[in-house]
Amino acid sequence: MLELRCTVRNCERSLELKDSDDQRAGLACAAGHHFDQAKEGYWNLTQPQDKKSLNPGDNRDAVLARHRWLQGGYTQGLVGELRLWTERCGQIARVLDLGCGDGSFGPWVFPDQPGDFCGIDLARPAIKLAARNWPDATWVLANADRGLPVMDGSVDCIMSLFGRRPISEMKRVLSPSGICVVAVPAEDDLIELREVVQKRGDRRSRVEAIIQEMSSGGLTCVEQKQWRTQVEIGPQEVEDALAMTYRARRWSEKSRIEAIGTTNVTLAADLMLFTNEAASS
Ligand SMILES: C[S@@+](CC[C@H](N)C(=O)[O-])C[C@H]1O[C@@H](n2cnc3c(N)ncnc32)[C@H](O)[C@@H]1O
Ligand SMILES: [Zn+2]
């Protein structure tokens, strides 16, 4: 299990597994702060102020939409691309999945390593699904924007797939030889749907800005590639694809979604591999 860190303000001590009287496991730090394991098997390390967060994580509808979408198998090619990197990097012992959502990617990318794998997300419905799906891994409900609940230098691979990137915290928790795998939607991801729904399809690559930001935080991009495919999807998948990414809010958009029917769409992601080394100048 990853070395988790106490989230009580200014504590930051390491959390150890403890047996408790009621048979349910607990985590405790040396200052006596205690966290019970939820009955679904995840650890709730949020603090009261996280409930007031402006960004509370994905809502239930978005979580379920992404869950159905991932179950549909459209992203298996992406999993293959991620594994080409993680397998080439040799023995990656401890993995942190940042903004893990429903946790599908963990067992797909690291199938043999549940004991070394930890997923963090701020959405309770997501972390519940994750804990049910892969109970031998560690699942943590926490706010990644308030500091990662993980000890310094204790992670060998951070995976951030379409999620958060708190760079100084990522740098802090990575081991000296650690790597970081980042995926973001490419500029033409779901472009066919966005063109219909938003009446325009903004094409904007995020790659340069992310590489620059990460580099300023001491993480160096050593490789970059794209994953792209075309799939035919039906009305339910159209709705899910839009619900999980480009939340269509207005009624006018809703009626345009319903009119789409079965259609071909592009799925595309920009993938970046970073090492925990400052670039040599
Ligand atoms: C687009 S989803 C991606 C989920 C997953 N990585 C995947 O690819 O299926 C982004 C995730 O980030 C989570 N998230 C948003 N803000 C967060 C925060 N402050 N701390 C932790 N997770 C957060 C959301 O709840 C959501 O599950
Ligand atoms: Zn503590």
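As a reminder, the structure under discussion sits directly above these lines.
Residues numbered from 1 in each chain as written. Chains lettered and ligands numbered in written order. Predicted model: local features only at pLDDT ≥ 70, side-chain atom pairs only at ≥ 80, totals over all residues.

Two strands in a sheet stick together by hydrogen bonds in their backbones, pointing the same way (parallel) or opposite ways (antiparallel). If you trace the eight strands from one edge of the open sheet to the other, you get β4-β7-β6-β5-β8-β9-β11-β10, paired in mixed fashion. Unpaired on one side and paired on the other, β4 (43-44) and β10 (220-233) mark the two borders of the sheet. Sheet analysis places strand β6 (residues 117-121) next to strand β7 (residues 138-141), joined by four bridges and oriented parallel. Residue G119 lies in a different strand from β7, and its bridge partner there is W139. Along the sheet, helix α5 (residues 124-133) contacts β6 and β7; its crossing angle with β7, the most-contacted strand, is approximately 170 degrees. (Pairing = 2+ DSSP bridges. Helix = DSSP H or I, 4+ residues; strand = E, 2+ residues; numbered from the N terminus. Contact = placed C-beta atoms within 7 Å. Axes fitted to C-alpha atoms, helices over the stretch in contact; angles between N-to-C directions.)

As a further point, take the site of ligand 1. Residues in close proximity to ligand 1 total 21 residues, the closest being G57, G99, G101, A123 and A144. Put simply, the parts of the chain that give the shell around ligand 1 at least two residues each are α2 (60-71) and β6. Among the residues forming the shell around ligand 1, the class breakdown is 10 nonpolar, six polar and five charged. (Near = placed C-beta within 6 Å. Nonpolar A, V, L, I, M, F, W, Y, C, P; charged D, E, K, R; others polar.)

Read from one edge to the other, the open sheet built from three strands follows the order β1-β2-β3, with strand pairing classed as antiparallel. Sheet topology places β1 (16-18) and β3 (34-36) at the edges, where each strand pairs with a single neighbour. Each adjacent strand pair in this sheet contributes to an overall mean axis angle of 30 degrees, direction not counted. In terms of strand pairing, strand β2 (residues 26-28) meets β3 through three bridges, oriented antiparallel. Opposite G26, over in β3, you have D36 as the bridge partner.

With that settled, the discussion passes to unusual backbone geometry. With a phi close to 55 degrees, F162 is a non-glycine residue in the positive phi region. Its place among the elements puts F162 in the loop between β8 (155-161) and α6 (167-173). The partly exposed category is assigned to F162, around which 16 C-beta atoms lie within 10 Å. At L190, a position not held by glycine, the phi torsion is positive, near 55 degrees. (Buried ≥ 20, exposed ≤ 12 C-beta atoms within 10 Å, placed from the backbone.)

The next subject is the pairing of strand β9 (residues 174-185). Two elements, β8 and β9, share six bridges in a ladder whose sense is parallel. What sits directly across from C157, in β9, is I179. Chirality of the crossover, the property in question, places the unit of β8, α6 and β9 among those that are right-handed. Bridge count for β9 against strand β11 (residues 263-275) is seven bridges, and the pairing is antiparallel. Each bridged residue has a counterpart across the sheet, and for C180 the counterpart in β11 is F274. (Right-handed = clockwise from strand over helix to strand, strands pointing away.)

With that settled, consider the pairing of β11. With 13 bridges joining them, β10 and β11 adopt antiparallel strand pairing. Looking across to β11, one finds that T220 is bridged to T275.

For the rest of this paragraph, the subject is the nonpolar core. Counting 62 residues, the largest nonpolar core has L96, V140, I158, M159 and C180 as the members making the most contacts within it. Each residue touching I158, except ones within four places of it in the same chain, is listed here: L96, L98, M170, L174 and C180. Counting 14 residues, the second-largest nonpolar core is a separate cluster that includes A65, I233, V265 and L267. (Core = buried A, V, L, I, M, F, W, Y, C linked by C-beta atoms within 7 Å.)

Below, the discussion takes up the packing of α2 against helix α9 (residues 235-244). Orientation of α2 relative to α9, taken along the N-to-C sense of each, is 130 degrees, at an axis distance of 8 Å. Here α9 runs oblique to α2, going by the angle between their axes. Crossing of α2 against α9: the hand is left-handed. When α2 is examined against α9, the residues D61, A62, A65, R66, R68 and W69 are found in contact with a partner set consisting of E237, D240, A241, A243 and M244. Grouping the constituent residues of the contact of α2 with α9 by class yields six nonpolar, no polar and five charged. (Parallel < 35°, antiparallel > 145°, perpendicular 65-115°, else oblique. Left-handed = near helix turned anticlockwise from the far one by under 90°.)

Any link to function would need more than the numbers given here.
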